[in-house]
Amino acid sequence: MTVETSFLGITLANPLMNASGVHCMTVAEMDELAQSAAGAFVTKTATRDYRAGNPQPRYVDVPLGSINSMGLPNEGLAYYLDYCLARQNQQALQFLSVVGLSYDEIVENLRTIEASDYQGVTEFNLSCPNVPGKPQIAYDFELTERLLTEVFSFFTKPLGLKLPPYFDIAHFDQMAAILNRFPLTYVNCVNSIGNGLYIDVDKEQVVIKPKGGFGGLGGDYIKPTALANVRAFHQRLNPSIKIIGTGGVRTGQDVFEHILCGASLVQVGTALHQEGVGIFERLVAELEAIMEAKGYTCLEDFQGKLREIN
Ligand SMILES: O=C(O)c1[nH]c(=O)[nH]c(=O)c1I
């Protein structure tokens, strides 16, 4: 029995990796990830220039997950691109997460990556909920289509999209119809559930400073939504477009559920932030135990095979 998997023809020891934004802001954090049991890693979403991000406190772990309004702090695209270029011969599979603060900057950043010797995967983040004044790109279907049309007029390297959660069947249909028109490597479902609110009852106060306390939710809160988005897009997208499952992963069972819904890789955010990189060994062991108990010998035995009630 094995939890090995392959992505873009590259064999990975397991389907697990970090979620962008968690444990991937600096070289030190990314090196620690690279040395961990994680099968792959992704960088913090980069903009062209360095960003300090929103004022603190801007990330808080809470009993059922986390709330954050980081505000896209990052060292700038060159920092992460240089990191990936320097290590792309040693690391099996790298994911470089990117966005821009404007349409033109997004195009510029993707042109920078295209012009580089980067051989890894690019994750285009369409779903950052925390840049004040910037609505999430992926909730604007026309803008998404316009951007993807322009990007794929020049971008030839493997490209995936980080999507926000959708909550309406019509939106799954509309978005999938758009995505199926492009040679995407994958879609990553889901980013945090945007603009939640967590309250400290003793202080009768919000817990994060930016945006009046509104922030993206992660953790246990979002697993049912994450699973539904993985399943919905797995059912609707061309099989050539893989699904990465993100959201609410804390145990091997959560990993199993994401794969059952159709995920090829599974990312860990909130729980990684809370437990550290040791979580990957634990998740692998727990997933193996579930597969053993069910008599599965590989991920393909159950991947995408969620049953409905007929
Ligand atoms: O506030 C952030 O930096 C952030 N926070 C999130 O929860 N998702 C994102 O994609 C981003 I770029």
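Quantities reported herein were computed from a predicted structural model and do not represent experimental measurements.

Draft legend 1. Quick look at the overall build of the chain. Check the secondary structure of the chain and you find nine helices and 16 strands. Over its C-alpha trace the chain gives a radius of gyration of 18 Å, about what one expects of a compact globule, namely 19 Å for 310 residues. The principal-axis extent of the C-alpha atoms belonging to the chain is close to 55 × 50 × 40 Å. Counting only residues that meet the buried cut, the chain has 58% of its 310 residues in that class. Residue pairs at least 24 apart in sequence account for 73% of intrachain contacts in the chain once pairs closer than 6 positions are excluded. Total accessible area on the chain is roughly 12900 Å²; 52% of this is exposed by carbon and sulfur atoms. On the chain, the mean spot of the 23 positive side-chain charges and the mean spot of the 34 negative ones are 3 Å from each other.

Draft legend 2. Up close: the layout of surface pockets. The calculated volume of the largest pocket comes to roughly 740 Å³. Around the largest pocket sit 46 residues that line it, and Ser20, Gly21, Val22, Tyr59 and Asn68 are the ones nearest its centre. Contributions of two or more residues to the lining of the largest pocket are made by β6 (65–68), β14 (214–218), β16 (265–268) and α8 (270–275). For the lining of the largest pocket, the leading source of residues is α8, giving five residues.

Draft legend 3. View of a nonpolar patch on the surface. Nonpolar side chains collect at one region of the surface, where Leu197, Ile199, Val201 and Phe214 lie side by side and expose about 380 Å² of accessible area between them. On the secondary structure map, phenylalanine 214 appears in strand β14. When its relative accessible area of 37% is taken as the criterion, phenylalanine 214 is described as partly exposed.

Draft legend 4. Geometry of helix α4 (residues 141–151). Listed in full, the buried residues belonging to α4 are Phe141, Leu143, Thr144, Leu147, Leu148 and Val151. For α4, the angular spread of the buried residues around the axis is 160°, confining them to a single face. Where the residues of α4 are buried, they touch α3 (103–115), β8 (121–125), β9 (159–163) and α5 (169–179). For α4, the N-terminal capping position is held by aspartate 140, with its side-chain oxygen 3.2 Å away from the main-chain nitrogen of glutamate 142.

Draft legend 5. Local environment of the sheet that holds β6. Overall, antiparallel pairing links the four strands, which are arranged β5-β6-β14-β11 in an open sheet. The open sheet has two free edges, formed respectively by β5 (59–62) and β11 (193–197), since each of these has just one partner strand. The average angle at which neighbouring strand axes cross in this sheet is 40°, direction not considered. In terms of strand pairing, β6 meets β14 through three bridges, oriented antiparallel. Of the residues in β14, the one forming a bridge with serine 66 is glycine 218.

Draft legend 6. Layout of the sheet that holds strand β10 (residues 186–189). Taken in spatial order, the eight strands line up as β3-β16-β15-β10-β9-β8-β7-β4 in an open sheet, and their pairing is parallel. What marks the edges here is a single partner per strand, and that holds for β3 (16–18) and β4 (41–42). Here two bridges tie β4 to strand β7 (residues 94–98), and the two strands are oriented parallel to one another. Paired with valine 42 across the bridge in β7 is phenylalanine 95.

Draft legend 7. Expanded view of the side chain of asparagine 68. Along the chain, asparagine 68 falls in strand β6. Among the residues examined, asparagine 68 registers a relative accessible area of 16% and is labelled buried. Of note is the side chain of asparagine 68, whose polar atom sits 3.2 Å from the backbone nitrogen of methionine 70. Of the polar contacts made by the side chain of asparagine 68, one reaches the side chain of asparagine 130; its length is 3.1 Å. Asparagine 68 has contacts with Arg58, Tyr59, Asn130, Ser192, Ile208, Gly215 and Gly216, leaving out every residue within four places of it along the chain.

Draft legend 8. Seen up close, the nonpolar core. Within the largest apolar cluster, 87 residues are counted, with the highest numbers of intra-cluster contacts made by Leu110, Phe124, Leu163, Leu179, Val187 and Phe233. Among the elements that take part in this core, helix α9 (residues 279–294) stands out by supplying seven residues, more than any other. Counting eleven residues, the second largest nonpolar core, distinct from the first, contains Leu12, Tyr186, Ile244 and Leu265.

Draft legend 9. Up close: the UniProt feature "domain: Dihydroorotate dehydrogenase catalytic" (unreviewed entry) in the chain. UniProt records the feature "domain: Dihydroorotate dehydrogenase catalytic" (unreviewed entry) for residues 3–291 in the present numbering. Annotated as 33% helix and 21% strand, the span residues 3–291 places its first and last C-alpha atoms 9 Å apart.

The rules behind each value
Residues numbered from 1 in each chain as written. Predicted model: local features only at pLDDT ≥ 70, side-chain atom pairs only at ≥ 80, totals over all residues. Heavy atoms only, no water. Helix = DSSP H or I, 4+ residues; strand = E, 2+ residues; numbered from the N terminus. Rg over C-alpha atoms; globule rule 2.2 N^0.38 Å. Buried < 20%, exposed > 50% of the residue type's maximum accessible area, 1.4 Å probe, protein only. Contact = heavy atoms within 4.5 Å. Areas by Shrake-Rupley, 256 points an atom, 1.4 Å probe, with all protein chains shown as cover. Lys, Arg positive; Asp, Glu negative; His and termini not counted. Charge placed at Lys NZ, Arg CZ, Asp CG, Glu CD. 1 Å grid on protein atoms, 1.4 Å probe; cavity = no way out; pocket = protein on both sides within 12 Å on 5 of 7 lines; lining within 4 Å. Points joined across faces, edges and corners; volume = space filled by probe spheres on them. Patch = residues over 30% accessible without salt bridge, like charges linked within 9 Å, V, L, I, M, F, W, Y side chains within 5 Å. Salt bridge = Lys/Arg side-chain N within 4 Å of Asp/Glu carboxyl O. Arc of directions from axis to C-beta. Polar contact = N/O pair within 3.5 Å; in protein donor to acceptor, adjacent residues only side chain to side chain. Pairing = 2+ DSSP bridges. Axes fitted to C-alpha atoms, helices over the stretch in contact; angles between N-to-C directions. Core = buried A, V, L, I, M, F, W, Y, C linked by side-chain atoms within 4.5 Å. UniProt positions renumbered as here; feature names shortened; annotations may be inferred.

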